[in-house]
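Fold and geometry: a report
The primary structure of each chain is shown beneath.
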Amino acid sequence: MTEALADFTLHRPESLESLAILRRAVPEARLIAGGTDLLPNLRRGLVDAPALIDLTALPDFAEIEPLAQGALRLGAGLRLADLARAPELAGPRQAVAEAARGVAGPAHRNAATLGGNLCQDTRCLYYNQSDWWRAANGYCLKYRGDTCHVAPQGKRCRAAFASDLAAPLIALGAEVALAGPVGERRLPLADLYRDDGADHLALAPGEVLIAVHLPPFAGLSAYEKARQRRAIDFPIAGVGAALARVTGGWRLSLAVTGTDSRPVAIAGIDDALDLPLSDDMLARIDKAVQKQVTPMRSTMISSHYRRLAASALARRLAQRLAEQARDAR
Amino acid sequence: MNAPARTATRAAGTRTPLVDGIEKVTGRARFTADLAGDAAVARILRSPVAHGVIRRIDTTAAEALPGVLAVVTGADCAHPFGVLPIAMNEYPMARDRVRYRGEPVAAVAAVDAATAARALKAIELQIDPLPAYFTATEARAPDAVLLHDDKPGNVEREVHHVFGDPDAGLAEADLVRTATFTCAEINHAQMEPHAAVAEWVPGREELIFHSVTQVPFYTHKHLARCLEMDPAKIRLVKPFVGGGFGSRTETLNFEIIAGLLARRTGGRVALVLSREETLISHRGRPETEVTLALGMRADGRLTACKAEVVMRGGAYAGYGIVTILYAGALLHGLYDLPNIRYDGYRVYANLPPCGAMRGHGTVDVRHAFETLVDRMAHELDLDPFTVRRANLLEAPLFTPNGLMVNSYGLPDCLDRVEAASGWKERRGKLGPGRGLGMACSHYVSGAAKPVHWTGEPHAVVALRLDFDGAVTALTGAPEIGQGSSTMVAISVADTLGIDVGRVRVVCGDSATVPKDNGAYSSRITFMVGNAAIGAARNLRTELAQAAAAKLEADPADIDCAGEVFSVRGSAQSQLTWAEVVAAALAVDGPITVKGSFTTPEKAQGGGHRGGAVGSTMGFSYAAQVVEATVDVDLGRITVDRVWVALDCGFAINPLAVEGQIEGSVWMGMGQALMEETRYAEGLPLHASLLEYRVPTIADSPPIEVHIVESVDPLGPFGAKEAGEGALSGFPPALAAAVADAIGLDMDALPLSPDRVLEALVAKRRAAQRAKRREDA
Ligand SMILES: Cc1cc2nc3c(=O)[nH]c(=O)nc-3n(C[C@H](O)[C@H](O)[C@H](O)COP(=O)(O)OP(=O)(O)OC[C@H]3O[C@@H](n4cnc5c(N)ncnc54)[C@H](O)[C@@H]3O)c2cc1C
């Protein structure tokens, strides 16, 4: 029940090399960037971390770098407040800035980072509670217990991943750059995630996310989240959408966050759509989202609502982007 | 703001920044938790079980831990505490039985937080579970185990009040409608979590006690009772307090626990609760089900009302009896409605105890009432304003249940918000998904009979005048952010004819200030304001005598304005404040006077059982219009604008009144849109400010405030309460706006997106079914 922070040692490496050495030397250390996700969890006894490694002194960690042919590299240490007003994200990729603006409150966004947002823990009503609370409830599958209170029959943790930024970044085809003991690798952002609330990140031991790469993009994008309040709240459901010209029509990419243990890239939408979108097509988009997301009782608001909200947002965003595309022509 | 125009010769009626505002905005104000310093850290061990018999508590291992200074359990205090002397059934730490998850069972004091946490883990606790009940229905089931042996059916109190002839009234109506409304339990969510710093003074065997309380006097009493101490050996201090709203209107278990630990350690102990613990301490508005029948004539006249109210009160009595009585009593006093039947049931359940919360007792019932009136107006094709105007009271009067109404500004409130909102021109023309709704409300200006009836005056203010010429007002009225100290300063300054800045208000320390019942039931302005004026008059008399002697005039002819004394009708003879003070002190030295306020007997309510609750010297009245937009895809409601008018009798400080009205509307908005507590088998799912959703500033609409002044004959300068009356009108005005916007009638609060969307889906399905039936 106490919310006192346990003692820990803080390290602040200034190069990837010293980071790698530290991680070998103190394998149980946890990474910390803005700390807006990690610190509340530490206080609640959800993380055992005798040591923390602060990433914010790494070189080039907070840079936005334009790459060849209009691609873009976003350093993992970028603050959400910076992303929200970055001129590089004002045009076709504005969904990313919209998502950044929608995260938590202004004070959080001044500290919170892109990497921390994408690597944040999954969330559940039965998990994000004090130690007294969880002990009284017999703990849970995600941490220290053996039952999932959300789906007691299941063997898998159903905590939800609620990063706002993941959805638009996936819709825009982002890749992540990871640095680890065996060097650097690139991975589609969607593949960073696993469908297991207790183990949702595909990071190898010792790996750190150093940047997000966005491919060239000349279309339109948008992000919207359903939440009860206009600030602070995590997405009950968040939808990132991108619409771009392809041969023979338009390609619509949709990704949903907040409903499942991983962000859901919506599949099965035709590769080349005709504009304006027909009512039939909108209904199909709605159906596709409803079918592919699987929210569980992990939030105060009902899972049924989250499903309906996700599909309504997807339909609305698709229609809005299609109208914008028409107006732009 | 739309305050009445006034000449600026008096402070009363001019916008005055709060006298303690500078400390707060500069961060210099020290709240209870700021006073911890090097005190020992105290922590509470709470029951993990919702209902059960305590078989064993073994604290030996905890006590043996290095750094642990004291451990206490239920065995250390055999005295229950509570609000009403007839309903004290709560112990600071459970003895024998636990009745809700989170109930304190033991507590420790240690050298630091980590040691205290370790000590809690080292306490062995064994509880044999009993069946637990989380709804009023389960708790009332015939075979349910009793939470308290003396309360059959787990009903803490049943109330049955009949005034007039409700059946005959309904028979006379052109339209009778019945509906059941379910309002979720909510919490105050005040900014400052609970905290107490207690210091035992060894040798003198005294306790110096700092707490976040709204009722220092009652906490003082209960500490003395539970610790078996002479109250003279306790000094109770209320430092700056970060909001109350009723959460601290009764003594709370952690306060007694802090006292017990301080005595056991023989030193200073700080018990600072987490937000989760603060929410578990609760005392919020209970989950309430209201079944209401109303009769209305074709012209909008109400003929009768029958209300059945069931409240799920949690595990202990607290304010329960008062709340269930308020709910019925305040069916009266707003409209002219002679025939009212009220059946109320306050039910125990294995959840944290509910209590008093802003708008105590009336909010959920008012929501049901106004919402049903709105629907019936719609059915009869009447404008909601017309219906309200068809049912106005004419003051002065006594309501059928004996409530005294001497001033009644509701007609003005209606006119103001109708005009300001453009109701007549705009309603029905706002486009799809957008609507206007309105509702009225009222609240008491102080309970005419206190819960602990002692016969003593309700309020006493003492004034001290010393050689420095400063007037020190000593009041027990707890300043908790509501502006009471500023009100006292203005009342004293105006009565004496001096600057507000010359008055220094000292409050909240039992070592220096006279007893006051506390900050609840909107009593302070009315009662303490009158006491302050009384004290200032007494001081004025002494000063007038001194001035008269110097000016060789009759004391009755002495005036003081702008800190200058003069003889009425003569421009020549004048004395400065300093001259008169010097003269007045020359004889007997510094002056101390006092004033007191006692409620008139006739204000103390009807003679029926429970008739004292709801009784007051005067009601505030409010009307408001809410404009809202509904996003039908997401079920999300946006409050676009609010127009609100409140009759507070007279605005002693219009700036503070405006703030109180905005705050009331805002708090009503939280309840209407999103706030609710939820439990998983008695564990709070809402245990943080992330999950217990109060609106953010981004959710807050422009609120246009209108102040109406009916000038109450008994109020200080004519003032009544201003801090609660506008709250209960918001939820029904919003529900009406939603009905106006999308034709959807909702029977539940809050109108959260999931509830709205579900209701919309259900409505669409019903329409489809009806159509299929028609087609077939
Ligand atoms: C009240 C509140 C409201 C919130 N609302 C939202 C919301 O609406 N939407 C939302 O998306 N989030 C929300 N959050 C969560 C959090 O604030 C954000 O996700 C934020 O972006 C996290 O970034 P950070 O830098 O603070 O992460 P940190 O707390 O520093 O780290 C989070 C996790 O990521 C790991 N990590 C950090 N950086 C890296 C890296 N480069 N490589 C590998 N692992 C890394 C850390 O080890 C840690 O486990 C909210 C938090 C709070 C407290």
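This structure is a prediction, so every number in the text was calculated from the model and none was measured.

Some remarks on the overall build of chain B
Within chain B, the regular secondary structure consists of 19 helices and 31 strands. Relative to the globule expectation of 28 Å for 776 residues, the C-alpha radius of gyration of chain B, 27 Å, shows essentially globular dimensions. By its C-alpha atoms, chain B is 100 × 75 × 50 Å across when sized along the principal axes. Here the analysis covers contacts within chain B between residues at least 6 apart in sequence; of these, 80% occur between residues at least 24 apart. Accessible surface for chain B amounts to roughly 26,700 Å². Of this, 52% is attributable to carbon and sulfur atoms.

Considerations on the sheet that holds strand E9 (residues 195-201) of chain B
All names here are of chain B. In space, the seven strands of this open sheet follow the order E3-E5-E1-E12-E9-E10-E11, with mixed pairing throughout. Of all the strands in the sheet, just strand E3 (68-73) and strand E11 (234-237) have a single pairing partner and so form its edges. Across this sheet, the average inter-strand angle for adjacent strands is 20°, counted without regard to direction. Relative to strand E5 (residues 104-110), E3 runs antiparallel, the two being bridged by five bridges. Note that in E5 the partner of Val68 across the bridge is Ala110.

What to know about the side chain of Glu676(B)
Looking at the element boundaries, Glu676(B) is found in the loop between helix H17 (654-673) and strand E28 (679-680). A distance of 3.1 Å separates a polar atom in the side chain of Glu676(B) from a polar atom in the side chain of Arg678(B). Apart from the residues within four sequence positions on either side, Glu676(B) is in contact with Met300(A), Ala184(B), Glu185(B), Ile186(B), His686(B), Tyr692(B), Pro750(B), Ser752(B) and Arg755(B).

A few points about the packing of aromatic side chains
All names here are of chain B. A complete count under the given rule lists 14 aromatic pairs over all chains for this structure. Arranged with centres 5.0 Å apart and planes meeting at 70°, the rings of Phe385 and Trp423 form a pair that is edge-to-face. With Phe385 in helix H11 (residues 384-389) and Trp423 in helix H13 (residues 423-426), this residue pair connects regions lying 38 residues apart in the sequence. Here the two residues Phe385 and Trp423 agree in accessibility, since each one is buried. An aromatic cluster of three or more residues is present, and its members are Phe217, Tyr218 and Tyr520. Over the ring of Phe369 we find Arg366, and its NZ or CZ is 4.8 Å from the ring centre. A cation over a ring is seen here: Lys515 above Phe217, with NZ or CZ 4.6 Å from the ring centre.

Some remarks on the domain arrangement of chain B
Residues and elements named next belong to chain B. As far as domains go, chain B holds domain 1 (21-29 + 450-598), domain 2 (32-131 + 205-231 + 247-270) and domain 3 (394-440 + 610-776). Here the C-alpha centroids of domain 1 and domain 2 sit 40 Å apart. In this complex, domain 1 contributes 13 residues to the contact, which on the side of domain 2 involves 15 residues. Between domain 1 and domain 2, a total of about 1,100 Å² is buried, with carbon and sulfur atoms accounting for 65% of that surface. Inspection of the domain 1/domain 2 interface yields zero salt bridges. Counting across the domain 1 and domain 2 interface gives one residue pair in polar contact (both at pLDDT 80 or more).

Quick look at the pattern of salt bridges
Residue and element names in this part refer to chain B. Tallied over the full model, the rule gives 66 salt bridges over all chains. Notably, a salt bridge pairs Glu563 with Arg502, separated by 2.7 Å at the nearest N-O pair. You can see Glu563 sitting in the loop between strand E22 (558-561) and strand E23 (564-567) and its partner Arg502 sitting in the loop between helix H14 (484-496) and strand E21 (503-507), a full 61 residues away along the chain. Classification of Glu563 by relative accessible area gives buried; the value is 13%. A relative accessible area of 24% places Arg502 in the partly exposed class.

Considerations on unusual backbone geometry
Residue Leu275(A) is joined to Pro276(A) through a cis peptide bond whose omega torsion reads -10°. With an omega dihedral of 0°, the bond running from Ala395(B) to Pro396(B) counts as a cis peptide bond. Here Pro396(B) is to be found in the loop between H11 and strand E16 (397-398). Backbone geometry at Ala104(A) places phi at a positive 45°, although glycine is not the residue there. Relative to the helices and strands, Ala104(A) is located in the loop between helix H4 (94-101) and helix H5 (106-111). With a phi close to 50°, Glu681(B) is a non-glycine residue in the positive phi region.

Quick word on the sheet that holds strand E1 (residues 9-11) of chain A
Residue and element names in this part refer to chain A. With respect to topology, three strands assemble into an open sheet ordered E1-E3-E2, the strand pairing being parallel. The strands lining the two open edges of the sheet, one partner per strand, are E1 and strand E2 (30-32). When the angles between neighbouring strand axes are averaged without regard to direction, this sheet yields 30°. Of the pairings in the sheet, the one linking E2 to strand E3 (residues 51-54) comprises three bridges and is parallel in character. Looking at the pairing, Arg30 lines up with Leu52 of E3. Against the sheet, helix H1 (residues 16-25) contacts E1, E2 and E3, and its axis sits at roughly 170° relative to E3.

A few points about the site of the ligand
In the vicinity of the ligand, 35 residues are found, and the nearest of them are Leu31(A), Gly35(A), Thr36(A), Thr113(A) and Asp164(A). Chain contributions to the surroundings of the ligand come from chains A and B. At 2.7 Å from an oxygen atom of the ligand is found a main-chain nitrogen or oxygen belonging to Ala33(A). When the ligand is considered free in solution it has 980 Å² of accessible area, and contact with the protein chains removes 94% of it. At the level of elements, E2, helix H6 (114-118) and strand E8 (208-214) of chain A are the ones that each hand at least two residues to the shell around the ligand. Classifying every residue of the shell around the ligand gives 19 nonpolar, eleven polar and five charged.

Section: the nonpolar core
Note on soluble globular proteins: their nonpolar side chains tend to be buried together. Grouped together as the largest cluster of nonpolar side chains are 108 residues, with contacts concentrated most on Leu292(B), Leu294(B), Cys305(B), Phe369(B) and Leu410(B). Top element by residues in this core is helix H10 (residues 363-379) of chain B. It accounts for seven residues.

Topic: a nonpolar patch on the surface
Residues Leu5(A), Phe8(A), Leu10(A) and Leu39(A) make up a contiguous nonpolar surface patch of about 310 Å² in total accessible area. Take Leu10(A): it is sitting in strand E1.

Focus on the pairing of E22(B)
All names here are of chain B. In E22, alternate side chains face the same way, and those of Ile558 and Cys560 are buried while those of Asp559 and Ala561 on the opposite face are not. Across four bridges, the pairing between E22 and E23 is antiparallel. Across the sheet, residue Asp559 finds its bridge partner in E23, namely Ser566. Joining the antiparallel neighbours E22 and E23 is a turn of two residues, in which Gly562 adopts a positive phi near 55°.

A few points about the state of the cysteines
Tallied over the entire structure, the rule returns zero disulfides over all chains. With no disulfide of its own, Cys124(A) has Cys148(A) as its nearest cysteine by sulfur position, at a separation of 6.4 Å. Since its relative accessible area comes to 10%, Cys124(A) is described here as buried. Cysteine Cys305(B) shares no disulfide, and the gap to the nearest cysteine sulfur, in Cys183(B), comes to 15 Å. Among the residues examined, Cys305(B) registers a relative accessible area of 0% and is labelled buried.

With respect to the interface of chain A and chain B
Taken together, the contact pairs 33 residues of chain A with 44 residues of chain B. Taken as a group, Arg229(A), Arg230(A) and Met300(A) account for 23% of the area that chain A buries against chain B, more than any other trio of residues on that side. At the boundary of chain A and chain B, one finds six salt bridges. Taking the shortest distance from any N to any O, the salt bridge between Arg316(A) and Asp633(B) comes out at 3.1 Å. Going through the elements one at a time, helix H7 (131-136) and helix H10 (303-328) of chain A are the ones with two or more residues in the side of chain A that touches chain B. Here the side of chain A that touches chain B gets seven residues from one element, more than from any other, and that element is H10(A).

Brief notes about the domain arrangement of chain A
Taken domain by domain, chain A comprises domain 1 (1-54) and domain 2 (220-328). With centres defined by C-alpha atoms, the gap from domain 1 of chain A to domain 2 of chain A works out at 35 Å.

Side note on a positive patch on the surface
A surface patch of like charges, here positive, comprises Arg765(B), Arg769(B), Arg772(B) and Arg773(B). For Arg765(B), the location among the structural elements is in helix H19 (residues 753-775).

A word on the environment of Thr60(B)
Residue and element names in this part refer to chain B. Considering the arrangement of structural elements, one finds Thr60 in helix H2 (residues 60-64). Sequence separation between Thr60 and Pro104 is 44 residues; the distance between their C-alpha atoms is 18 Å. Only 2.4 Å separates the side chain of Thr60 from the side chain of Asp58, close enough to count as a polar contact.

Cut-offs and rules
In this convention, every chain numbers its residues from 1, walking through the sequence in written order. All chains are assigned letters beginning with A, and all ligands numbers beginning with 1, in the order in which they are written. At least 70 in pLDDT is required for a residue's local features to be given in this predicted model, at least 80 for side-chain atom pairs to be given and counted, and no such filter applies to totals for whole chains, interfaces and linings, which use all residues. Excluding hydrogens and water, the side-chain values take into account all heavy atoms of the structure. Under the scheme used here, helices are H or I runs from DSSP no shorter than 4 residues and strands are E runs no shorter than 2 residues, and both carry numbers assigned from the N terminus. Each radius of gyration reported is based on C-alpha atoms, and the globular scaling rule is 2.2 Å times the count of residues to the power 0.38. Should any heavy atoms of two residues lie within 4.5 Å, those residues are counted as being in contact. All accessible-area figures derive from a Shrake-Rupley calculation using a 1.4 Å probe, and residue coverage is judged against the displayed protein chains alone. Strands are labelled as partners when DSSP assigns at least two bridges between them. Axes here refer to lines fitted to C-alpha atoms; in helices the fit is confined to the stretch in contact. Angles between the N-to-C directions go from 0 to 180 degrees. N or O atoms within 3.5 Å of each other form a polar contact, as long as, within protein, one can give a hydrogen and the other can take it, and as long as residues adjacent in sequence are counted only when both atoms are side-chain atoms. The aromatic pairing rule takes the rings of Phe, Tyr and Trp, using the six-membered ring of Trp, and pairs them if the centres are within 6.5 Å, calling planes under 30 degrees apart stacked, those over 60 edge-to-face and the rest tilted. Buried means the residue's accessible area, taken with a 1.4 Å probe over protein chains only, is under 20% of the maximum for its type, while exposed means over 50%, and partly exposed covers the values in between. Whether a charge lies above a ring is judged from NZ of Lys or CZ of Arg, which has to be within 6 Å of the ring centre and within 35 degrees of the ring normal. Segment limits for the domains were obtained from an automatic or database-derived domain assignment. Take the accessible area each of two parts loses on contact, using a 1.4 Å probe, and add the two losses: that sum is the buried area. Counted as salt bridges are all cases of a side-chain nitrogen of Lys or Arg within 4 Å of a carboxyl oxygen of Asp or Glu. Here, proximity means that at least one heavy atom of the residue falls within 4 Å of the molecule or strand. Only Asp, Glu, Lys and Arg are considered charged in this grouping, and only Ala, Val, Leu, Ile, Met, Phe, Trp, Tyr, Cys and Pro are considered nonpolar; every other residue, Gly among them, is considered polar. In this description, a nonpolar core means a group of buried Ala, Val, Leu, Ile, Met, Phe, Trp, Tyr and Cys residues linked to one another through side-chain atoms lying within 4.5 Å. Only residues whose relative accessible area exceeds 30% and that take part in no salt bridge are eligible for patches, with like-charged residues grouped when within 9 Å of each other and nonpolar side chains (Val, Leu, Ile, Met, Phe, Trp, Tyr) grouped when within 5 Å. Two cysteine sulfur atoms make up a disulfide if the distance between them is within 2.5 Å. The positive count covers Lys and Arg only, the negative count covers Asp and Glu only, and His and the chain ends enter neither. Charge positions come from single atoms, namely NZ of Lys, CZ of Arg, CG of Asp or CD of Glu.

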